[in-house]
Structures are given as structure tokens and as C-alpha cells.
Amino acid sequence: MNHNLCKITKEVWLFFLDLIFPLECLGCGREGFWLCGDCFKQIKFKSKQYCLHCKKENDWGEFCPPPARPDDFGRSGGCKIIYSLNGVWIAALYDEFLISRAIKSLKYHFISGIADDLNKMLIIFVDRLLRQSKVLRLGLAEGVSRLSFKRAESLPLAILNFNENLIIPVPLSSKRLRWRGFNQAELLAEKVAENYGLALDKSSLIRIKHKKAQAKLDEIHRQENIKGCFEWRGSNLNKRNVILIDDVVTTGATLNECAKVLKAAGAGEVWGLVVAKG
Ligand SMILES: [Zn+2]
Ligand SMILES: [Zn+2]
């Protein structure tokens, strides 16, 4: 009963918010859309992924593996060592005008309807990632070149066994959730899980502390600020791979802290999937 009441109140609240902000395209002002078809088509997807730490381009957005020779430590690669997260998949760049506008409208003007457009983007992007892995695997079946073998080696298990992933949204603190009325990461996660028929867990990863807003802090302080903020209250994850969903990634401190908690709870690979890099 309580749960239903809560759901109705939330829906009424979201309905009023959507009334305050009339439905018109963020790009060209055309009525009836948050992003009209023409403006949506103009969004540039990120064609190459990279290691979030050192920005070196790679196929799957993984953190650089440790160098082959111990002497090379500190000179090349090894970014992976300092992260619990395996890597991040970034659909678009935040400096793309429409993307930053859409995300700001979603988060700060509480326009939950925009989540549908951002979701479409995430899904187009994930489709591409999956296609890319299929092409690579088909290529391998035809004969192994050294390069394609190397690329296949870095193929995440979370992509190879995509249907077995568990989708988890990055949680908001209850204080922030009350203020905003919804968790934007949850809106995105629900649609991704639904579209691919993946399992979704919205309640086991909990944000136990509300810290200062990360936006004002540099990288080192972000890591300090976010430490100990999350807790896993579900059962052991038994090597299951997890895709953590959020709207924006900046330094990756939040995603990484979640990944740390998830791996302590038995998760296999943990990847971030975000709309944009802030
Ligand atoms: Zn438009
Ligand atoms: Zn790197």
C-alpha cells in the first residue's frame, strides 16, 4: 500500500514537472519532442573508446593492462592497477551542445521525459559495441592475424557474454533522491535492461553517505570524497559481470568506488556505461 502510494505521488510530481517545462526540442525549439528527429541525428557518437585514466585510445574503454615487462611500470600502461572498475563505455561527448543541454535539463530541471532520448542514444551505442565485437569474432574465425588476436584478447567478458550481465544504476543518496524526485541513472538503467532483456537490480547497491557535490572537486579529492559512500546489501554476486549505469562520468571516482564494493561482493567484471564524459 505504502509503496503504491509512493509511486502515485512520484508520478503526479513528475507529471507537474513536465507541465512546467513545455515539451519542445532542446535543439531547435520544435514542439512535441525533447529532441526532434533532425536534432537527434546530429548527435555525434564517440567512435573510439579510451582508457579513462591516461586517455590512450583502445577498443573497449578498458583501463590499460599492466606492461609486459616490469621495467616499463610507470612508463606505459598499468592504469588498471589503481582501479577496481574494468573500464567505461562512453556514448557521446559532453561538449556536444545538445548532450550537455539534455543532461542538465534531466538533472537540474527535473525533466524525466528526456531520459527516453538519452536512452535511445545509449542503446544505439551499445548496439554498435556489440556489432564491433561480432565483426571481430567473425574475423577471428576466418584466420587469426596477430593484431586481431590481440584485440580479441582485450574483449570484455561483459560484451562476450552480454546477456548474462546484471544492470545496476549508480545510486543517489536518499537526500538527493528526495530533492530530485527520481534517480536519472535509474531511469537510464531500466530502459537498457528492458531493451536487452538483462537482469536489473535497483535496490541492493545503496548510497549510505551524502557527501559534498563532486563537481567542485579535483580528481584526488573526488576519490577521497566518495570513499565509503556505498554498500552492497544483496547476496554474493558469484563472479557475475555487472554494468553500472550513470548519466555522466568525469574522473570515474564514483563508478570506481561502486565497482570496489561490487567486487568485494563477488562481482566478476564491472563496467561503467554512461551517456557522456563530463
Ligand atoms: Zn530539433
Ligand atoms: Zn591508461
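This write-up is about the structure you can find in this document.

## Brief notes about the sheet that holds strand β5 (residues 199–200)
An order of β3-β9-β8-β4-β5 is seen for the five strands of this open sheet, with the pairing classed as parallel. Lying at the two open borders of the sheet, with one neighbouring strand each, are β3 (87–93) and β5. Bridge count for strand β4 (residues 166–169) against β5 is two bridges, and the pairing is parallel. Directly across from isoleucine 167, in β5, lies its bridge partner leucine 200.

## As for the coordination of the zinc ion (ligand 2)
Within the protein, the atoms that donate to the zinc ion (ligand 2) are Cys51 (SG), Cys54 (SG), Cys64 (SG) and Cys79 (SG), at distances of 2.2 to 2.3 Å. One way to put it: the four donor atoms around the zinc ion (ligand 2) meet at angles of 102 to 117°, and that makes the site tetrahedral.

## Points about the coordination of the zinc ion (ligand 1)
At 2.3 to 2.4 Å from the zinc ion (ligand 1) lie its protein donor atoms, namely Cys25 (SG), Cys28 (SG), Cys36 (SG) and Cys39 (SG). Geometry at the zinc ion (ligand 1) is tetrahedral, judged from the four donor atoms that bind it and their angles of 103 to 115° at the metal. All donor residues of the zinc ion (ligand 1) come from one chain, and their arrangement in sequence is C-x2-C-x7-C-x2-C. When its relative accessible area of 4% is taken as the criterion, cysteine 25 is described as buried.

## Concerning the pattern of salt bridges
Evaluated as defined, the whole model comprises eight salt bridges. Lysine 202 is paired through a salt bridge with glutamate 190; the nearest N and O atoms lie 2.8 Å apart. A residue pair is termed long-range when its members are at least 10 positions apart, and lysine 202 in the loop between β5 and β6 (205–207) and glutamate 190 in helix α8 (residues 184–196) qualify at twelve residues. Look at glutamate 190 and you get partly exposed, because its relative accessible area is 29%. The closest approach of N and O atoms between glutamate 231 and arginine 233, which form a salt bridge, is 2.8 Å. The partly exposed category is assigned to glutamate 231, whose relative accessible area is 32%. Residue classification places arginine 233 among the exposed positions, given a relative accessible area of 53%.

## What about the pairing of β3?
The buried fraction of β3 amounts to six of the seven residues, a majority that puts the element mostly inside the structure. For β3 and strand β9 (residues 270–277), the ladder comprises six bridges, and the chain directions are parallel. Considered in β9, the bridge of tryptophan 89 is made with leucine 273.

## Examining the packing of helix α9 (residues 219–226) against helix α10 (residues 253–264)
Between α9 and α10, the least distance of the axes is 9 Å, while the angle of their chain directions is 40°. In the crossing of α9 with α10, the sense of the turn from one axis to the other is right-handed. For the pair α9 and α10, contact is made by Arg222, Gln223 and Ile226 and by Ala253, Thr254 and Glu257, respectively. When grouped by side-chain class, the residues that make up the contact of α9 with α10 number two nonpolar, two polar and two charged.

Conventions and cut-offs
- Residues numbered from 1 in each chain as written.
- Chains lettered and ligands numbered in written order.
- Predicted model: local features only at pLDDT ≥ 70, side-chain atom pairs only at ≥ 80, totals over all residues.
- Heavy atoms only, no water.
- Pairing = 2+ DSSP bridges.
- Helix = DSSP H or I, 4+ residues; strand = E, 2+ residues; numbered from the N terminus.
- Donors = N, O, S within 2.8 Å, 3.2 Å for Na, K, Ca; no water.
- Tetrahedral: all angles 85-135°; square planar, octahedral: opposite > 155°, others 65-115°.
- Buried < 20%, exposed > 50% of the residue type's maximum accessible area, 1.4 Å probe, protein only.
- Salt bridge = Lys/Arg side-chain N within 4 Å of Asp/Glu carboxyl O.
- Axes fitted to C-alpha atoms, helices over the stretch in contact; angles between N-to-C directions.
- Left-handed = near helix turned anticlockwise from the far one by under 90°.
- Contact = heavy atoms within 4.5 Å.
- Nonpolar A, V, L, I, M, F, W, Y, C, P; charged D, E, K, R; others polar.

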